[in-house]
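A closer look at the structure
Each chain, written out:
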Amino acid sequence: MSQVTLTVNGKEMSADAEGRTLLSQFLRENLGMTGTHVGCDTSQCGACVVHVDGVAVKSCTMLAMEADGAAVSTIEGQAADDGTLNTLQQAFQDHHGLQCGFCTPGMIMSAADLLKTNPKPTETEVRHHLEGNICRCTGYHNIVKAIMAASGQDVSGIAAE
Ligand code: FES
Ligand code: FES
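None of the values given here were measured: they were computed from a predicted structure. (Residues numbered from 1 in each chain as written. Chains lettered and ligands numbered in written order. Predicted model: local features only at pLDDT ≥ 70, side-chain atom pairs only at ≥ 80, totals over all residues. Heavy atoms only, no water.)

1. Details of the overall build of the protein chain
- Within the protein chain one finds 5 helices and 5 strands.
- Along the protein chain, helices (α) and strands (β) appear in the sequence β-β-α-β-β-β-α-α-α-α when read from the amino end.
- Against the 2.2 N^0.38 benchmark of 15 Å for 161 residues, the protein chain shows a C-alpha radius of gyration of 16 Å, consistent with a compact globule.
- Based on the C-alpha atoms only, the size of the protein chain along its principal axes is roughly 55 × 35 × 25 Å.
- Looking at the protein chain as a whole, 45% of its 161 residues are labelled buried.
- Pairs at least 24 residues apart make up 52% of the contacts formed inside the protein chain by residues separated by at least 6 positions.
- Of the roughly 8,000 Å² of accessible surface on the protein chain, 48% is carried by carbon and sulfur atoms.
- For the protein chain, the separation between the mean place of its 9 positive charges and that of its 18 negative charges on side chains is 6 Å. (Helix = DSSP H or I, 4+ residues; strand = E, 2+ residues; numbered from the N terminus. Rg over C-alpha atoms; globule rule 2.2 N^0.38 Å. Buried < 20%, exposed > 50% of the residue type's maximum accessible area, 1.4 Å probe, protein only. Contact = heavy atoms within 4.5 Å. Areas by Shrake-Rupley, 256 points an atom, 1.4 Å probe, with all protein chains shown as cover. Lys, Arg positive; Asp, Glu negative; His and termini not counted. Charge placed at Lys NZ, Arg CZ, Asp CG, Glu CD.)

2. Focus on the sheet that holds strand β3 (residues 49–52)
- In spatial order, the strands read β2-β1-β5-β3-β4; together these 5 strands make up an open sheet with mixed pairing. Each of the sheet's edge strands pairs with one partner strand only, and the pair in question is β2 (11–17) and β4 (55–58). Each neighbouring strand pair of the sheet contributes to a mean axis angle of 40°, computed without reference to strand direction.
- Sheet topology note: the strand β1 (residues 2–8)/strand β5 (residues 71–73) ladder contains 2 bridges and is parallel. Each bridged residue has a counterpart across the sheet, and for threonine 7 the counterpart in β5 is alanine 71.
- Of the strands in this sheet, β1, β2, β3 and β5 are in contact with helix α1 (residues 23–30), which crosses β2 at around 100°. (Pairing = 2+ DSSP bridges. Axes fitted to C-alpha atoms, helices over the stretch in contact; angles between N-to-C directions.)

3. Observations regarding the environment of glutamate 12
- Within the secondary structure layout, glutamate 12 lies in strand β2.
- Taking relative accessible area as the criterion, glutamate 12 reaches 62% and is therefore assigned exposed.
- Considering only alpha carbons, one finds glutamate 12 and alanine 70, 58 residues apart in sequence, at a separation of 9.8 Å.

Quick look at the structure:
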């Protein structure tokens, strides 16, 4: 066991971790940050995406110890302190980009990563970027719509689910 310290959503947090503890597990079990979901543990589903030092990472593919000292952003840090949703979260709500919500934290964090580098992505670019994120409910159309709407684009031409 050794101590791992992260700055999570701007707040320093520490806990002991074993060498084999995954970052996803560390966030959920050691720090109690359960907004990051785990759907597979085998790098398939994308439910566990967080940002580590500004880069989107599937947190089940990284050891907690590898992230020691890093700044981590999770879904819990996306809304304002008073609970006001950020633009992406609001767009997911407005365009029905979620049903059960299991994939949503990873979708939002992946989408935020896309919009950072490509503020006005095409539909094809959004779909391509989300290839590592699996949703079992929505059929993806409304997720794509939500992300494009969050980027300020007209989404009336995107096929409805
Ligand atoms: S839990 Fe990490 S990709 Fe599925
Ligand atoms: S909303 Fe259920 S898995 Fe995406």
